[in-house]
Amino acid sequence: MNIAEQDEVTSAAIARRAGVGRAAVSNWRRRHEDFPKPVGGGAANPTYSWAQVRDWLKITGRADQLAMFGQTETGTQAIGGRATARGSRPDEAVEAESAVTSLPSGELLARVIASLLPPATAAGDGDATGGDHDDERDDEQEGAGAGDLGLDLGLDGVDLPAVLDPACAGGALLLAVADRFDNRVRLLGQEIDEPATSKAALNLRGHPTAGPYEIHVGDSLRANRFVGLLGRVAAVVCEPPFDQPGWPADELTTDRRWEFGIPAPRDGELAWAQHCYAHLRPHGTAVVVVTPRTCVSPSGQSIREEMVRSGALRAVIALPPGMSSLADTDVCLWVLRRPYGDVDDGSVIMIDLSGVADRGDVPQQYSVWRRLFREAEAVPASPGQVRPGQADPGPAVSRAVPRLRLLDGNANLLPSRYVTTEARPSADDLAEVTDRLTALYARIGAACLPRFAPADPRTPHAYVTIAELERTGALTIRSRDTTPRPGDVLVRTLGRPPVVATGAEPADARVAHVVELNADRLDAHFVATFLGVDAQALPVANTLGALSREDLRRCRIPRMSLPEQRRYGAEFHRLAELQDALSTLARLSATVIEQTVNGLTTGTLAPRPRAL
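Below is a short write-up of the structure. (Residues numbered from 1 in each chain as written. Predicted model: local features only at pLDDT ≥ 70, side-chain atom pairs only at ≥ 80, totals over all residues. Heavy atoms only, no water.)

1. So, the overall build of the protein chain
Then step 1. Along the protein chain, the regular secondary structure elements total 21 helices and 18 strands.
Then step 2. Scored against the burial criterion, the 612 residues of the protein chain give a buried share of 48%.
Then step 3. The contacts of the protein chain with a sequence gap of at least 6 include a subset with a gap of at least 24, amounting to 73%.
Then step 4. A total accessible area of about 30,500 Å² is found for the protein chain, and carbon and sulfur atoms account for 52% of it. (Helix = DSSP H or I, 4+ residues; strand = E, 2+ residues; numbered from the N terminus. Buried < 20%, exposed > 50% of the residue type's maximum accessible area, 1.4 Å probe, protein only. Contact = heavy atoms within 4.5 Å. Areas by Shrake-Rupley, 256 points an atom, 1.4 Å probe, with all protein chains shown as cover.)

2. Overview of helix 12 (residues 268-278)
Then step 1. Along helix 12, eleven of the eleven residues are buried, which leaves the element largely enclosed by surrounding structure.
Then step 2. Those residues of helix 12 that fall on the buried side of the exposure criterion are Gly268, Glu269, Leu270, Ala271, Trp272, Ala273, Gln274, His275, Cys276, Tyr277 and Ala278.
Then step 3. For helix 12, the secondary structure elements touched by its buried residues are strand 7 (233-238), strand 8 (280-290), helix 13 (292-296), helix 14 (301-309) and strand 10 (332-337).

3. A short note on the sheet that holds strand 14 (residues 475-479)
Then step 1. Taken together, four strands build an open sheet; the order of strands is 14-17-15-16 and the sheet is antiparallel. Across the chains shown, the open sheet's two edge strands, defined by having one partner strand only, are strand 14 and strand 16 (499-500).
Then step 2. Here two bridges tie strand 15 (residues 489-492) to strand 16, and the two strands are oriented antiparallel to one another. By the bridge assignment for strand 16, Val489 is matched with Val500.
Then step 3. The sheet contacts of helix 19 (residues 524-535) involve strand 15, strand 16 and strand 17 (511-517), and relative to strand 15 the element is tilted by about 20°. (Pairing = 2+ DSSP bridges. Axes fitted to C-alpha atoms, helices over the stretch in contact; angles between N-to-C directions.)

4. Comments concerning the packing of aromatic side chains
Then step 1. Counting across every chain of the model gives ten aromatic pairs.
Then step 2. Seen in terms of ring centroids, Phe260 and Tyr277 are 5.1 Å apart; in terms of plane orientation they differ by 55°. Their pairing is tilted. You can see Phe260 sitting in the loop between strand 7 and helix 12 and its partner Tyr277 sitting in helix 12, a full 17 residues away along the chain. For the pair Phe260 and Tyr277, one class covers both residues: buried.
Then step 3. Aromatic ring contacts, followed pair by pair, group Trp28, Phe35, Tyr48 and Trp56 into a single cluster.
Then step 4. The cationic tip of Arg556 hangs over the ring face of Tyr463; the distance from NZ or CZ to the ring centre is 4.3 Å. (Phe/Tyr/Trp six-rings, centres within 6.5 Å; stacked < 30°, edge-to-face > 60°. Lys NZ or Arg CZ within 6 Å of the ring centre and 35° of its normal.)

5. Points about the nonpolar core
Then step 1. Grouped together as the largest cluster of nonpolar side chains are 48 residues, with contacts concentrated most on Val177, Leu187, Ile317, Leu333 and Trp369.
Then step 2. Discounting chain neighbours no more than four positions away, the residues touching Leu333 are Leu109, Val112, Ile113, Leu116, Val287, Val288, Val289, Ala315, Val316, Ile317 and Leu319.
Then step 3. Counting residues in hydrophobic clusters, the runner-up holds 43 residues, among them Ala273, Val290, Val308 and Ala312. (Core = buried A, V, L, I, M, F, W, Y, C linked by side-chain atoms within 4.5 Å.)

6. Re the sheet that holds strand 2 (residues 40-41)
Then step 1. The three strands are arranged 1-3-2 in an open sheet whose pairing can be described as antiparallel. Of all the strands in the sheet, just strand 1 (8-9) and strand 2 have a single pairing partner and so form its edges.
Then step 2. Here strand 1 runs beside strand 3 (residues 46-49); their pairing, made up of two bridges, is antiparallel. Pairing of Glu8 across the sheet is with Ser49, part of strand 3.
Then step 3. Lying over the sheet, helix 4 (residues 50-59) contacts strand 1 and strand 3, oriented at roughly 70° with respect to strand 3.

7. Examining the pattern of salt bridges
Then step 1. Using the criterion set out here, one finds 16 salt bridges in the structure.
Then step 2. Put simply, Arg485 and Glu516 hold a salt bridge, and the shortest N to O gap is 4.0 Å. In this pair, Arg485 is assigned in the loop between strand 14 and strand 15 and Glu516 in strand 17, connecting sequence segments 31 residues apart.
Then step 3. Classification of Glu516 as buried rests on a relative accessible area of 15%.
Then step 4. Through salt bridges with shared partners, a single ionic network connects Arg478, Arg485, Asp488 and Glu516. (Salt bridge = Lys/Arg side-chain N within 4 Å of Asp/Glu carboxyl O.)

8. Let's talk about the side chain of Thr197
Then step 1. Examined against the element boundaries, Thr197 turns out to sit in helix 11 (residues 194-206).
Then step 2. A relative accessible area of 6% places Thr197 in the buried class.
Then step 3. Of the polar contacts made by the side chain of Thr197, one reaches the backbone oxygen of Asp193; its length is 2.8 Å.
Then step 4. Once residues lying within four places of it in the same chain are set aside, the contact partners of Thr197 are Ala169, Glu191, Ile215, His216 and Val217. (Polar contact = N/O pair within 3.5 Å; in protein donor to acceptor, adjacent residues only side chain to side chain.)

9. Remarks on the pairing of strand 5 (residues 186-191)
Then step 1. For strand 5, the buried fraction is high: six of the six residues fall into the buried class.
Then step 2. Burial along strand 5 is two-sided: Arg186, Leu188 and Gln190 and Leu187, Gly189 and Glu191, pointing in opposite directions, are all buried.
Then step 3. A crossover connection joins strand 4 (residues 162-165) to the parallel strand 5 through helix 10 (residues 172-181); in handedness this β-α-β unit is right-handed.
Then step 4. As defined by bridge partners, strand 5 adjoins strand 6 (residues 213-217) across five bridges and the pair is classed as parallel. Counted as the bridge partner of Glu191 is Val217 from strand 6.
Then step 5. Once you follow strand 5 into helix 11 and on to strand 6, the crossover reads as right-handed. (Right-handed = clockwise from strand over helix to strand, strands pointing away.)

10. Notes on unusual backbone geometry
Then step 1. Of note, His283 is a non-glycine position whose phi angle comes to about 70°, a positive value.
Then step 2. Structurally, the position occupied by His283 is in strand 8.

11. Examining the pairing of strand 8
Then step 1. The element strand 8 is largely enclosed, with a buried count of ten among its eleven residues.
Then step 2. Sheet topology places strand 7 next to strand 8; five bridges connect them, and they run parallel. Bridge pairing in strand 8 places Ala235 opposite Thr285.
Then step 3. A crossover links strand 7 with its parallel partner strand 8, the connecting element being helix 12, and its sense is right-handed.
Then step 4. Of the pairings in the sheet, the one linking strand 8 to strand 10 comprises six bridges and is antiparallel in character.

Have a look at this one:
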């Protein structure tokens, strides 16, 4: 039996290997009697045989599906999608999605960075001496473990490729690398903060499959503890300390690490990027986190130009807000690779994920990144920069930008400068939508808001509770798993008001209760509206932000005859439709204005009257 099959793994390690959250593993243990039994550990933290768990994942159809879970056509991983694993319950998949997308920013960023390292980084996946490797082989070997390749690694780690994090903090990036490559790499870290260094060492010591590691205390720029590995490291991962933007420029002016130029005193990120690059062996890869300022600052222009000109910069990836471990800091990733031999005349891949709604949609698999890179290389031009007679390539999240174009200006490295993720409407498209909106405004303006007579204060409403209506058979409260029928009232989560089911509700409608009504005694719109008003006065303590069944039964609605209910219900329905129409109109109008401004600023439109 090989090394990977012998180890015992915790639930957390299973989650990392399967690419899901810990909640999903907990669900598997609780809901599936055939899930492997613990082989060690204690009651609070049992351990399992990875070979048995891996076989269970394959038998139940989870292994392949989870590896590409929620993947979209653009190559990003839609962790928040609606797809579920074969053989798994929908709520099980939802809990797994929540566990992934609720990861702390630093941990999610670490997983993304580790996924950008090519498989040839680790022992057994290509030439460990730094020679070139084949991308097709990378894709085929992605996800293969040391056990799958039958390797004898010699766990002293002397001959293992090294992965370095020169600002490792608590070790999040190194842990993600260990999750990715198991014991096929040697992990190296340095951190100026001593408590953080101790934490990193403790975390790596507790990792079930991490290979040999070294963690040192010290300032990486001033006192590099890995100076003997300059030009010899397989990969470097780094999130520089953004709360310390400066660097000791006066002390290190003559250092050989500044291959592309000496950064200005305030351009500390460029110093860290060059420090990482200096350690790379030929064809070694570094993934460095930088802020958008570093992509455009005038003081760093010459260094950026040299990095582009030399072929060291291979890709720039703009990430969505909230990815950095430092709050309120937007970040990009620079993917650097040390060339081997002559520098080609290739391009720099620009990927703009800054507009991704869910951070979990950012790819976390090398094969997905590889596909994005290939798609970018297939369309080198960018919208707004198309030559006369050349077709506009349209929207995309990734594009290959020729190096000469990046050097023709101020070496702006922001992906948003070259990538358009949304289709740009033409002048005719905008004119057509504007004409339709104008007609819609006229129709709504002609239909005055309804006017009603004052109620008679001498005949106040008499009320009846939902519990009483349930006892008399006027309604039935069903669980949220019940498939609603048209006309049922849906009590929803997150404090949203109840609605009347139409039969076309989305799968993620987040329903807490389904209330089936006897249509001969109750009007649906009447019940939904009055129920929503009364429910607002009740405190909601659960995490779903929804009424419990007992709270729901305490809610009251007016006691009225069915014809009177229907009169109220019809008006409630008409007001709801009017509100939806006005909301849609406002949203579409704002979109048209935004697209028009965008068209005027990018050259799609001209500020001239359009011929009728």
